[in-house]
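Chain residues, written in single-letter form:
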Amino acid sequence: MAQLSKSIDAIRIGCRQKITLERTREFEALAEKIKVSCPNCGATNNYPLGLTAKKVICGRCKYPLPEPGSVLELPAGQASAFFQSARLPVLVDFFSPTCVPCHMMHPVVDSFAKRRAGEVMVVRVNVDQHPQIAAEFGVQAVPTFVVLYKGYERGRASGALSEADFALWVMSKI
Ligand SMILES: [Zn+2]
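A. Fine view of the overall build of the protein. Helices and strands together make up the secondary structure of the protein, namely 5 helices and 7 strands. Listed N to C, the secondary structure of the protein is α-β-β-β-α-β-α-β-α-β-β-α in terms of helices and strands. Within the protein, residue pairs in contact and separated by at least 24 positions form 62% of the contacts whose partners lie at least 6 positions apart.

In structure tokens:
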């Protein structure tokens, strides 16, 4: 009997510890902030995680901020301006909806964007819809990936890459 009550105590303590730990994690998540560049003015904002119900807006221009880790598809004019104004590095994924290797790369790019949220902004450009942006960058084939930092090109790669090679390549350029 004594042993049984001891183990009940242990369970109780275990539960209490677990609850405290979960609460701490909740608070940490609330306090955690991830950097995002505003798609409108390029300003770096600290996006508070854990407040997903609330719309987060840019501190400078009040434009709604994208959730960290999302892949952006911007209107042509905004995309070109963003490539110049973003203070975080930008990875541009030039793709065509009819290209098979582009489709193969989509999940790779999506998961990279999630894993590197706060370090790099990811923008997807449909070259059929935005031929002028493709021409601006001299994109000849798809998929083409271009890494930009403060408006300057840091590197580019064309064709499908493995997830590991892709992540290594982007990180070597930022
Ligand atoms: Zn802004």
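B. Up close: helix α3 (residues 100–115). Taking 1.5 Å per residue, 16 residues should reach 22 Å; α3 reaches 24 Å between its end C-alpha atoms and fits that length. Within the span of α3, buried status applies to C102, M105, V109, F112 and A113. Taken together, the buried residues of α3 touch β3 (71–72), β4 (90–95), β5 (121–126) and α5 (163–173).

C. Expanded view of the environment of Y63. With respect to the element layout, Y63 can be found in the loop between β2 (44–48) and β3. A tally of 15 C-beta atoms within 10 Å means that Y63 is categorised as partly exposed. On a C-alpha basis, the gap between Y63 and C38 in space is 7.3 Å, while along the polypeptide they are 25 residues apart. The contacts of Y63, once residues within four sequence positions are left out, are C38, P39, N40, C41, I57 and C58.

Cut-offs used in this document
Residues numbered from 1 in each chain as written. Predicted model: local features only at pLDDT ≥ 70, side-chain atom pairs only at ≥ 80, totals over all residues. Helix = DSSP H or I, 4+ residues; strand = E, 2+ residues; numbered from the N terminus. Contact = placed C-beta atoms within 7 Å. Expected span 1.5 Å × (residues − 1). Buried ≥ 20, exposed ≤ 12 C-beta atoms within 10 Å, placed from the backbone.

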